[in-house]
Every structure is written in C-alpha cells, then in structure tokens.
Amino acid sequence: MSYNILLFDLDDTLLDFGANETESLTQLFGHHGYTFSDELFGVYNSVNKQLWADYENGTIGLDVVLNSRFSETMLKLGEVVDGPAWEKMYRELLGTGNQLHIEGALEVIQSLSASHRLFVVTNGITETQIKRLKISGLFDFFEAVFDSQSIGYSKPSIAFFEYVMNHIKDFNRREALIIGDSLSTDIKGGILSGIDTCWINRKSQSSPADIQSTYTITTLVELFAICPPNLTK
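Model, not experiment: these values are computed from the prediction. (Residues numbered from 1 in each chain as written. Predicted model: local features only at pLDDT ≥ 70, side-chain atom pairs only at ≥ 80, totals over all residues. Heavy atoms only, no water.)

**Digging into the sheet that holds strand β1 (residues 5-8)**
- Strand order in this open sheet of 6 strands is β3-β2-β1-β4-β5-β6, and the pairing throughout is parallel. Strands at the two margins of the open sheet, each flanked by one partner only, are β3 (144-147) and β6 (215-217). For this sheet, the mean inter-axis angle between neighbouring strands, taken without regard to orientation, is 20 degrees.
- Relative to β3, strand β2 (residues 117-122) is paired through 4 bridges, and the arrangement is parallel. Opposite Val120, over in β3, you have Val145 as the bridge partner. (Pairing = 2+ DSSP bridges. Helix = DSSP H or I, 4+ residues; strand = E, 2+ residues; numbered from the N terminus. Axes fitted to C-alpha atoms, helices over the stretch in contact; angles between N-to-C directions.)

What follows is the structure in structure tokens.
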C-alpha cells in the first residue's frame, strides 16, 4: 500500500510530553508551595487520566477536564485551590517547555515531508500544541494541525476524523495513514474511520483483539519501511 497523506499524533509520538509534563508540574506545584513528589503525581495522574477518558468518551467537555483537574487533585489532599488559575499557569509552562522531539522525530519528519503530505491530529489544546511544535522545529513540515479544541470533537470519535478528512484537499482514505502511540485514541480512531494505522509500540504492550493496528513499529525510523521517503510527491 502506498501512503501519501500521513496523520501524526503529537504527544509521545513526536514530542516528549512525559518530560514536558513532569517539568511543568514540578514548577507549577513548586510555585504554589508544594513539593511535586511521586505520591502527588500519582494522585494527579489518576484524576487527570479519568477526566481525559471521560472527555474522549464524550461524557464531559474539554473545559471540565482543564478547569477541574487541579482542583480535584488538591481536594483529594484536603486543599481547596483555584482550578482555572492553576490550569492557566500550567498551560503557559507546557507551551514554553524545552523538551523537544522524541529521538529521530525531526529527521523522520524532515525526510518524509519531501515526498508526503504531513498533518498533525491531536487531542491537545490549540495554542499550547502550536507553541510546542514551533519550539521543536517541526511546525513548518506540516500542512495543517488539527486539534480537538478547535474541532469540537476528540479522537477516537468518527466526527473528529470526518472533520479532518473534509478539510484536507483531495483526501483519499486509501492513501492515508494514522501514526500514533495510543491504541485507544489513534488506532481505534483509524479503525472506526476506515483509515489504515501505524501503532508506535515503544513499551512492547499487547493490544486487545478489537483494536488491531495495520502496522506496528517500535521506533519512528521504522516508518521508512512503510512510507519510503523517496516517493514523488
């Protein structure tokens, strides 16, 4: 199969969100007088993951995720804080973080951009993701960035990918490939939308029977075997 349109997830696919998140949270909690320990991260991570899962399932809005994750985290620790104010500072820290691309990302994207049409598909926040892409040096290689905040739907919903397909000129499902690290959003979204997928499985995880990716790789460089960078654009 020859793919011309490549739809890349962003966080933990091209950009090291984990490192960015840890540094930003450390600064955020430190600013408010708290030491960001493993225990505190465990509480935050549990709250945050559940809120994002609810959002991706369509049961809550994005504003609920963003404006309540810190207030809910601190409430579990017996503290009342201004959730939206904490979120505002956190977004600013994320958007200016110096953690750049995952190893090999810049080289792979630069090579593929010479022969393929590249797009970002992310559940992140518009302003933050654009800033991070620009800081990383990846931004100019993509034709467009599609994010859940702007679209109003999130991966893996069909509505998200229908929007993407309708806003890419000359889009052809048979020539498109979704590349991402998340089975529940990237790969499931591709399956629901009838688009081939490439799962970046860096941690040797197993996949459920109902979410089987078209391709599985462990590093971004392996993408060259699926999408040779020397094709005529």
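**Comments concerning the packing of helix α3 (residues 62-76) against helix α4 (residues 83-95)**
- Remark: α3 packs on α4, axes separated minimally by 7 Å, with the N-to-C direction vectors making an angle of 110 degrees. By the angle class used here, α3 and α4 are roughly perpendicular. Considering only the axes of α3 and α4, their crossing is right-handed. From α3, Leu66, Asn67, Arg69, Phe70, Ser71 and Met74 reach across to α4, where they touch Gly83, Pro84, Trp86, Glu87, Tyr90 and Arg91.
- A class-by-class count of the residues in the contact of α3 with α4 yields 6 nonpolar, 3 polar and 3 charged. (Parallel < 35°, antiparallel > 145°, perpendicular 65-115°, else oblique. Left-handed = near helix turned anticlockwise from the far one by under 90°. Contact = heavy atoms within 4.5 Å. Nonpolar A, V, L, I, M, F, W, Y, C, P; charged D, E, K, R; others polar.)

**Describing the packing of aromatic side chains**
- Tallying each qualifying case throughout the model produces 14 aromatic pairs.
- With a centroid separation of 5.2 Å and 20 degrees between ring planes, the pair formed by Phe29 and Phe36 is classed as stacked. Judged on exposure class, the residue Phe29 and its partner Phe36 are both buried.
- Judged by its relative accessible area of 15%, Phe36 falls in the buried class.
- Ring pairs connect the aromatic residues Phe29, Tyr34, Phe36, Phe41, Tyr44, Phe70, Trp86 and Tyr90, which therefore count as one cluster.
- The aromatic ring of Phe139 is capped on one face by Lys134, whose charged end is 5.1 Å from the ring centroid. (Phe/Tyr/Trp six-rings, centres within 6.5 Å; stacked < 30°, edge-to-face > 60°. Buried < 20%, exposed > 50% of the residue type's maximum accessible area, 1.4 Å probe, protein only. Lys NZ or Arg CZ within 6 Å of the ring centre and 35° of its normal.)

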